[in-house]
Amino acid sequence: MKQWIQRCALLLAMMLGMLSGSAVAADSTVGQYGMLPVYGFDIRGGAYSVTIETDCELLQDALADITVTDGKITAKLLPASSRLTAISIEDAGQESSAIQPDQDGIFTLSVKAMDTAISLSVYDEQKQEWQHGSVLFRADSLPADALLVDLPDYNLIEQAIDQYQGNASETRQNATPVEAVSVDLPDGEYSVSAELTGGSGKAYVATPTLMTVRDGKAYARLEWSSSNYDYMVVGTETYYNTAEEGRNSVFEIPIGCWDTKMSVIADTTAMGTPHEVQYDITFYEASIGDKGQLPQEGAKRVVIVALVIIIVGGILNHIVKKKRRV
């Protein structure tokens, strides 16, 4: 009986996990949009001088060398400032023991991957305090023959994003107020299909999405595919993220039209510095349906059914054991 309950509890926990969603790690302030990790096995073995990016004042202009041996990367950092006397690498939010420099002032670090920000803390001897930040070892600073993989053109990606940002500026300049469309439905909650286009093509919104009718007007609750969006601009109004920290960004915006692209702006922090990107959203009037069509509503029903099965199964198991004892 105990094992059976444990298995049911595990099943229920998995269902609740699907219902609640997963957290997304916080964004780094270094690197470029879309960067992919380059691991030791992606680099030919050897020693190389490389470039770093960092938001730590005490690591600015530091010299960096890496050594790749058996698919593992070891880095040596020589800070330009003698004020830096210790480095602590943060792993999953837990700080490791402080790394001390050698007699030449060089810090030796184990690096999981290049082109991936490493969270760390540096100790400022002058100020007698720890300062938090991040550092990234750039794979594109390696010699061409050292890389065993092809790197994306991150500069080209940023140029494309800047173009979208330029379009966003034009949209702001030409913006007019957007009012929610009227619908011939009782006030309440419904579902509606939404299609997102524009941007880099990686982002999307959950569909169908929740549509709320208030005073005969239609509003959509948009859930994005990441937690990187902090506000949206629809017409002349700005709408802020209402999701809990770490959850995918959520906004309630007016549905300004049916079956026609509605231009919006979404501000993303995925590239370190905020970027406003223009998107188009189309809401399809013929798709309006019952709230029960939403994926999260279906998940709730699954959880309820699972609970019923667990309770009823437990009762039946108890009855069967009781009869056996008799």
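Note that the structure is a prediction, hence the values are computed from the model and not measured.

J.: Would you explain the overall build of the protein in this entry?
T.: Looking only at helices and strands, the protein features three helices and 19 strands. For the protein, buried positions account for 38% of its 326 residues. Contacts in the protein between residues at least 24 apart in sequence constitute 64% of all its contacts with a sequence separation of at least 6. Element-wise, carbon and sulfur atoms account for 53% of the exposed surface of the protein, whose accessible area totals about 18300 Å².

J.: I'm lost on the pairing of strand β10 (residues 118–124) in this one. Help?
T.: Along any regular strand the residues' side chains alternate between the sheet's two faces. The element β10 is largely enclosed, with a buried count of six among its seven residues. Looking at chain direction, β10 and strand β11 (residues 129–137) are connected through seven bridges and run antiparallel. The residue bridging tyrosine 123 from the neighbouring strand is tryptophan 130, located in β11. Here β10 hands over to β11 after four residues, with glutamine 128 in that stretch at a positive phi of 55 degrees.

J.: Would you explain the packing of aromatic side chains in this entry?
T.: Think of a pair of aromatic rings as described by two things: how far the centres are apart, and how the planes are tilted against each other in angle. Applying the stated criterion to the full structure yields six aromatic pairs. Seen from their ring centres, tyrosine 229 and tyrosine 279 are 6.3 Å apart, and the 75 degrees between their planes marks the pair as edge-to-face. Here tyrosine 229, found in strand β15 (residues 229–234), pairs with tyrosine 279, found in strand β19 (residues 275–290); they are 50 residues apart in sequence, far enough to count as distant. Site record: aromatic cluster; members linked through ring pairs are Trp224, Tyr229 and Tyr279. Between arginine 214 and the ring centre of tyrosine 219, over which it is positioned, the NZ or CZ distance is 4.3 Å.

J.: Would you explain the side chain of glutamate 276 in this entry?
T.: Tracing the chain through its elements places glutamate 276 in strand β19. Judged by its relative accessible area of 13%, glutamate 276 falls in the buried class. A distance of 2.5 Å separates a polar atom in the side chain of glutamate 276 from a polar atom in the side chain of tyrosine 231.

J.: Help me understand the pairing of strand β5 (residues 72–78) in this model?
T.: The two faces of β5 differ: Ile73, Ala75 and Leu77 on one face are buried, but Lys72, Thr74, Lys76 and Leu78 on the other face are not. Pairing geometry for strand β4 (residues 63–69) and β5, over seven bridges, is antiparallel. What sits directly across from threonine 67, in β5, is threonine 74. Here β4 hands over to β5 after two residues, with aspartate 70 in that stretch at a positive phi of 55 degrees.

J.: For this particular structure, what's the right way to read the nonpolar core?
T.: The nonpolar side chains of a soluble globular protein tend to be buried, and buried together. Membership of the largest hydrophobic core comes to 31 residues, with the highest contact counts inside it found for Leu59, Ile66, Met114, Phe137 and Leu142. Counting residues per element, the ones that place at least two in this core are β2 (46–50), β4, β5, β6 (84–91), β8 (107–111), β10 and β11. If we skip the residues at most four places from it in the chain, leucine 142 touches Ile43, Tyr48, Val50, Ile66, Met114 and Leu147. Judged by nonpolar contacts, the second largest core, of 29 residues, contains Ala194, Leu196, Val264 and Val277.

J.: Explain the sheet that holds β4 to me, please; I cannot follow it from the model alone.
T.: Hydrogen bonds between backbone groups are what pair the strands of a sheet, and the pairing can be parallel or antiparallel. Taken in spatial order, the four strands line up as β2-β4-β5-β8 in an open sheet, and their pairing is antiparallel. Only two strands of the sheet have a single neighbouring strand rather than two, namely β2 and β8. Across the sheet, the mean angle separating the axes of adjacent strands is 25 degrees when strand polarity is ignored.

J.: I tried to follow unusual backbone geometry on my own but got confused; where do I start?
T.: Glycine aside, negative phi is the norm for most residues, and most peptide bonds take the trans geometry. Cis geometry is adopted by the peptide bond preceding proline 208, which originates at threonine 207 and carries an omega value of -5 degrees. Among the secondary structure elements, proline 208 is positioned in the loop between β12 (188–198) and β13 (209–214). One non-glycine residue, aspartate 70, adopts positive backbone phi at about 55 degrees. In this model, glutamine 128 sits at a positive phi of 55 degrees, which is unusual for a non-glycine residue. Among the secondary structure elements, glutamine 128 is positioned in the loop between β10 and β11.

J.: Got a minute to help me understand the pattern of salt bridges in this structure?
T.: Pairs can form between side chains of opposite charge whenever their charged atoms are close. If you walk through the whole model with that rule in mind, you get six salt bridges. When the shortest N-O distance is used, the salt bridge between aspartate 140 and arginine 138 registers 2.6 Å. The class of aspartate 140 is partly exposed, set by a relative accessible area of 46%. The class for arginine 138 is buried, based on a relative accessible area of 9%.

J.: Help me understand the confidence of the model for the protein, please; the structure alone is not making it clear to me.
T.: Predicted coordinates in areas of low pLDDT are best not read in detail. Taken as a whole, the protein shows an average pLDDT of 81; of its residues, 73% reach a score of 70 or greater. In this model, residues 2–28 is a region of pLDDT below 50 whose contacts with residues beyond four sequence positions or in other chains number 32 contacts. In the predicted structure, residues 297–303 sits below a pLDDT of 50 and forms eleven contacts with residues beyond four places in sequence or in another chain.

J.: Would you explain the sheet that holds β12 in this entry?
T.: The eight strands lie next to each other as β16-β15-β18-β19-β12-β13-β14-β17, forming an open sheet whose pairing is antiparallel. Two strands bound the open sheet, and with one partner strand each, they are β16 (237–240) and β17 (250–254). In this sheet, adjacent strand axes meet at a mean angle of 35 degrees when their direction is disregarded. In this structure, strand β14 (residues 217–223) lies alongside β17, joined through five bridges in antiparallel fashion. The residue bridging leucine 222 from the neighbouring strand is phenylalanine 251, located in β17.

How each quantity is defined
Residues numbered from 1 in each chain as written. Predicted model: local features only at pLDDT ≥ 70, side-chain atom pairs only at ≥ 80, totals over all residues. Heavy atoms only, no water. Helix = DSSP H or I, 4+ residues; strand = E, 2+ residues; numbered from the N terminus. Buried < 20%, exposed > 50% of the residue type's maximum accessible area, 1.4 Å probe, protein only. Contact = heavy atoms within 4.5 Å. Areas by Shrake-Rupley, 256 points an atom, 1.4 Å probe, with all protein chains shown as cover. Pairing = 2+ DSSP bridges. Phe/Tyr/Trp six-rings, centres within 6.5 Å; stacked < 30°, edge-to-face > 60°. Lys NZ or Arg CZ within 6 Å of the ring centre and 35° of its normal. Polar contact = N/O pair within 3.5 Å; in protein donor to acceptor, adjacent residues only side chain to side chain. Core = buried A, V, L, I, M, F, W, Y, C linked by side-chain atoms within 4.5 Å. Axes fitted to C-alpha atoms, helices over the stretch in contact; angles between N-to-C directions. Salt bridge = Lys/Arg side-chain N within 4 Å of Asp/Glu carboxyl O. pLDDT = per-residue confidence, 0-100.

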